[in-house]
Amino acid sequence: MDFLLQILNGLQIGSVYSLVALGYTMVYGIALLINFAHGEVIMVGAYTVSYTIGLVLQERGLPFYIAVIPSAIVCTIVGVLIERLAYKPLRNSPKISNLITAIGVSLLLQNLVMKFIGANAVSLPPIFNGKIEVGNSQISSSVIITIISTVILTVLLQFFMKKTKYGKAMVATSEDYGAAALVGINVDNTLTMTFAIGSFLAGIASLLYLAAYPQAQPLMGSALGIKAFTAAVVGGIGLIPGAVLGGFLLGIVETLTKAYISSSLADAIVYSMLILVLIFKPTGLLGKNIKEKV
């Protein structure tokens, strides 16, 4: 039973990695950009959740999970502003320029938060209350809610990409910018929508992350972002199912390592898994090798 509980805990944190990885994989798949500032968008969402709970929801006796609404809105706005102000002017620049800009935006957001809010961690009360009885054990409701939320959001995102007009425009843009523009697709708006959707998911992920680890602090986005990017690469960056699979695998491996081997080795084993995947399957577990004609 203890092993099953550890698997569920792994799926909980893996679900958060998956949602964050979806933001990385969508931006890379469509804009061919690794948005290293994505982790800081989640950090902004975490502080939004924290202050919404502390200043509004606690005083009025409202459920804390309502904080996901302002978090998703704020993260979406921040993501769109980052795309418009930092990445759009560099649309036709070398990829290295975009990469350096992403790192710069990440550091800017971290330092702005430390300057105006402070470097100390902000603790939160439990967001989801309640336990579920399974045999002689209890499972926190936050575990089940996090896993189910991730599965539902992944299915909805897949449906959006494959069945809607805007989703198909995003797929077409990912295939060929020029051809997409020739058939009437507004490439700029499509790229902005990609950042908006990824940042919206980050806003939801920030609340689910705080449900498992109830502290917001300025550097939280860095470690979470790297883990999520690792998940996207392991599963197959650019692929929605790959991001989710990679997130679940990383979460389970990390949790089982902490439970049965050593907490200090958890990150080492997770990144070792990344190295092995890159050696034996460079395109990721669900990625396909595509041969290019010269």
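Since this is a predicted model, take the numbers as computed values, not measurements. (Residues numbered from 1 in each chain as written. Predicted model: local features only at pLDDT ≥ 70, side-chain atom pairs only at ≥ 80, totals over all residues. Heavy atoms only, no water.)

(A) Highlighting helix 11 (residues 266-280). In this model helix 11 runs 21 Å from its N-terminal to its C-terminal C-alpha over 15 residues, within 8% of the 21 Å that 1.5 Å per residue would give. Where helix 11 is concerned, the buried positions are A266, V270, M273, L274 and V277. Viewed along the axis of helix 11, the buried residues span an arc of 100°, placing them on a single side of the element. Of the exposed residues in helix 11, those oriented more than 90 degrees away from the buried face are I279 and F280. For helix 11, the elements touching its buried residues are helix 9 (220-235) and helix 10 (240-260). (Helix = DSSP H or I, 4+ residues; strand = E, 2+ residues; numbered from the N terminus. Expected span 1.5 Å × (residues − 1). Buried < 20%, exposed > 50% of the residue type's maximum accessible area, 1.4 Å probe, protein only. Arc of directions from axis to C-beta. Contact = heavy atoms within 4.5 Å.)

(B) Region of the structure containing the side chain of S15. Along the polypeptide, S15 turns up in helix 1 (residues 2-31). Among all residues touching S15, those that are not within four sequence positions of it are T146, I147, T150 and F248.

(C) Fine view of the pattern of salt bridges. Going through the model one piece at a time under the given rule, you end up with six salt bridges. A salt bridge links E83 to R91, with the shortest nitrogen-to-oxygen separation between them at 2.8 Å. Owing to a relative accessible area of 22%, R91 belongs among the partly exposed residues under this scheme. With a shortest N-O distance of 3.1 Å, K227 and E254 are connected by a salt bridge. Remark: E254 occurs in helix 10 and K227 occurs in helix 9; sequence separation between them is 27 residues. Judged on exposure class, the residue K227 and its partner E254 are both buried. Within this structure, E83, R84, R91 and D188 form a network of salt bridges that share partners. (Salt bridge = Lys/Arg side-chain N within 4 Å of Asp/Glu carboxyl O.)

(D) Layout of unusual backbone geometry. Non-glycine residue L32 carries a positive phi angle of around 55°. Position of L32 among the secondary structure elements: in the loop between helix 1 and helix 2 (38-60).

(E) Summary view of the UniProt feature "transmembrane region" (unreviewed entry) in the chain. What UniProt calls "transmembrane region" (unreviewed entry) maps, in this numbering, to residues 12-34, 64-87, 99-119, 139-157, 193-212, 224-253 and 259-280. Within the segment residues 139-157, helix and strand shares are 89% and 11% respectively, and the terminal C-alpha atoms sit 28 Å apart. End-to-end, the C-alpha atoms of residues 224-253 are 15 Å apart, and along that stretch the chain is 87% helix and 0% strand. (UniProt positions renumbered as here; feature names shortened; annotations may be inferred.)

(F) Molecular detail of a nonpolar patch on the surface. On the surface, Y51, L55, V56, L108, L112, F116 and I117 cluster together to form a nonpolar patch covering roughly 680 Å² of accessible area. Elements that contribute at least two residues to the nonpolar patch include exactly helix 2 and helix 4 (95-116). Mapped onto the secondary structure, L55 falls in helix 2. (Patch = residues over 30% accessible without salt bridge, like charges linked within 9 Å, V, L, I, M, F, W, Y side chains within 5 Å. Areas by Shrake-Rupley, 256 points an atom, 1.4 Å probe, with all protein chains shown as cover.)

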